[in-house]
Amino acid sequence: MAAQEIPLVRYRPKLLSRTNVAERTMAFHFERPPGFDFTPGQFTNLTLLNPAETDNEGNTRTFSIASPPFENQLMFATRMRDTAFKRSLMEVPLGTEVQLDSPMGSFTLHKNPAKPAVFLAGGIGITPFLSILRQADHDRLSHKLNLFYSNRRPEDAAFLELLQSLENTNPNFRSICTMTGMSLSQAKWEGEIGWINKEILSKYVGDLHGPIYYIAGPPVMVSAMRETLVASGVDEDDVRAEEFAGY
């Protein structure tokens, strides 16, 4: 007997607020509709209804859900490119309804707490991990969690303070942030410098063969990280990835 398909449900939440979380990066907070249940790491399609302008990219974008399931609001974060969709999202009045599809995706934390998780995030690829990490902290999960978070500059890195606070409340979580373009920054930085590579992974993880790896970021970064892990002897079955193209 064929597996029964889960019907697509569409919701109409209202935009509650907008906040700047890094240079050219905004977080958008919406009502969480009744029945919108999701697992940390999942995504949804957001559609603007009757926007003031549109272009050939259309009125729908796919966003990872950056907020955790225990909260009663939904948060999405994105780099603010100069497109009709992004301009409209910035300009619509608070209280405007949008359309959300049912949550989708399997980029979610594995069940076995005996296997550590290593999260590799590039730029706005931090969003699914933010949901996973906040829920893990809330639920007091026993998984060992290591996050490697790469940005050009501290000015570009969203949610740094929140990640630091999670380190303080979850003894099983460690955040390793690294910057690749500090020559372009005006900020002080005492953390790691350079790209995520085998050396920095080994420095903090030790034996690379034990964990489950999750990669989220631009396609070039995702491809490079996958190649690095496989070249280091990591089993491809232990690598999960999600690409963020055009954000």
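See the structure shown above.
Enquirer: Would you mind going over the overall build of the chain with me for this structure?
Expert: When its secondary structure is counted, the chain shows five helices and 13 strands. Taken over the C-alpha trace, the chain has a radius of gyration of 18 Å; the compact-globule value for 247 residues is 18 Å, and the two agree within 12%. Taking the principal axes of its C-alpha atoms as reference, the chain extends roughly 55 × 50 × 35 Å. When burial is assessed residue by residue, the chain has 51% of its 247 residues classed as buried. When contacts within the chain are restricted to residue pairs at least 6 apart in sequence, long-range pairs at least 24 apart make up 73% of them. About 12,100 Å² of surface is accessible on the chain, with carbon and sulfur atoms providing 50% of the total. Within the chain, one finds 24 positive and 29 negative side-chain charges whose respective centroids are separated by 2 Å.

Enquirer: Before we go on, may I ask you to explain the sheet that holds strand β4 (residues 43-48) in this structure?
Expert: Pairing in this open sheet of four strands is antiparallel, and the strands run β1-β7-β4-β5 from one edge to the other. Lying at the two open borders of the sheet, with one neighbouring strand each, are β1 (10-11) and β5 (60-64). Two elements, β4 and β5, share five bridges in a ladder whose sense is antiparallel. The partner of Thr-47 across the bridge, within β5, is Thr-60.

Enquirer: For this particular structure, what's the right way to read the pairing of strand β12 (residues 212-217)?
Expert: When a strand is regular, its side chains alternate between the sheet's two faces. The buried fraction of β12 amounts to six of the six residues, a majority that puts the element mostly inside the structure. Going residue by residue along β12, you find Ile-212, Tyr-214 and Ala-216 tucked away on one face and Tyr-213, Ile-215 and Gly-217 tucked away on the opposite face as well. Sheet topology places strand β8 (residues 117-122) next to β12; five bridges connect them, and they run parallel. Paired with Val-118 across the two strands is Tyr-213, which belongs to β12. Here β12 pairs with strand β13 (residues 239-243) via five bridges, running parallel. Counted as the bridge partner of Ala-216 is Glu-242 from β13. Running through helix α5 (residues 219-231), the crossover from β12 to the neighbouring parallel element β13 is right-handed.

Enquirer: Would you explain the environment of Glu-227 in this entry?
Expert: Positionally, Glu-227 belongs in helix α5. Classification of Glu-227 as exposed rests on a relative accessible area of 54%. A C-alpha to C-alpha distance of 15 Å links Glu-227 and Ile-200, two positions 27 residues apart in sequence.

Enquirer: What should I look at first to understand the pattern of salt bridges in this one?
Expert: Pairs can form between side chains of opposite charge whenever their charged atoms are close. Per the stated rule, a full pass over the model turns up 14 salt bridges. Here Asp-137 and Arg-140 are joined by a salt bridge, their closest N and O atoms 3.3 Å apart. A relative accessible area of 13% places Asp-137 in the buried class. For Arg-140, a relative accessible area of 58% corresponds to the exposed category. As a salt-bridge pair, Asp-156 and Arg-153 come within 2.8 Å of each other at their nearest N and O atoms. Taken together, the shared-partner salt bridges in this structure form one network comprising Glu-23, Arg-152, Arg-153 and Asp-156.

Enquirer: I keep staring at the sheet that holds strand β2 (residues 15-22) and nothing clicks. Help me out?
Expert: Hydrogen bonds between backbone atoms are what pair the strands of a sheet, whose relative direction is either parallel or antiparallel. Strand order in the open sheet formed by three strands is β2-β3-β6, with antiparallel pairing between adjacent strands. The outermost strands of the open sheet, each flanked by one partner alone, are β2 and β6 (73-79). Between one strand axis and the next, the sheet turns through 25 degrees on average, direction left out of account. Two strands pair when backbone bridges link them, and strand β3 (residues 25-31) and β6 are joined in this way by seven bridges, in the antiparallel orientation. Pairing of His-29 across the sheet is with Met-75, part of β6.

Basis of the calculations
Residues numbered from 1 in each chain as written. Predicted model: local features only at pLDDT ≥ 70, side-chain atom pairs only at ≥ 80, totals over all residues. Heavy atoms only, no water. Helix = DSSP H or I, 4+ residues; strand = E, 2+ residues; numbered from the N terminus. Rg over C-alpha atoms; globule rule 2.2 N^0.38 Å. Buried < 20%, exposed > 50% of the residue type's maximum accessible area, 1.4 Å probe, protein only. Contact = heavy atoms within 4.5 Å. Areas by Shrake-Rupley, 256 points an atom, 1.4 Å probe, with all protein chains shown as cover. Lys, Arg positive; Asp, Glu negative; His and termini not counted. Charge placed at Lys NZ, Arg CZ, Asp CG, Glu CD. Pairing = 2+ DSSP bridges. Right-handed = clockwise from strand over helix to strand, strands pointing away. Salt bridge = Lys/Arg side-chain N within 4 Å of Asp/Glu carboxyl O. Axes fitted to C-alpha atoms, helices over the stretch in contact; angles between N-to-C directions.

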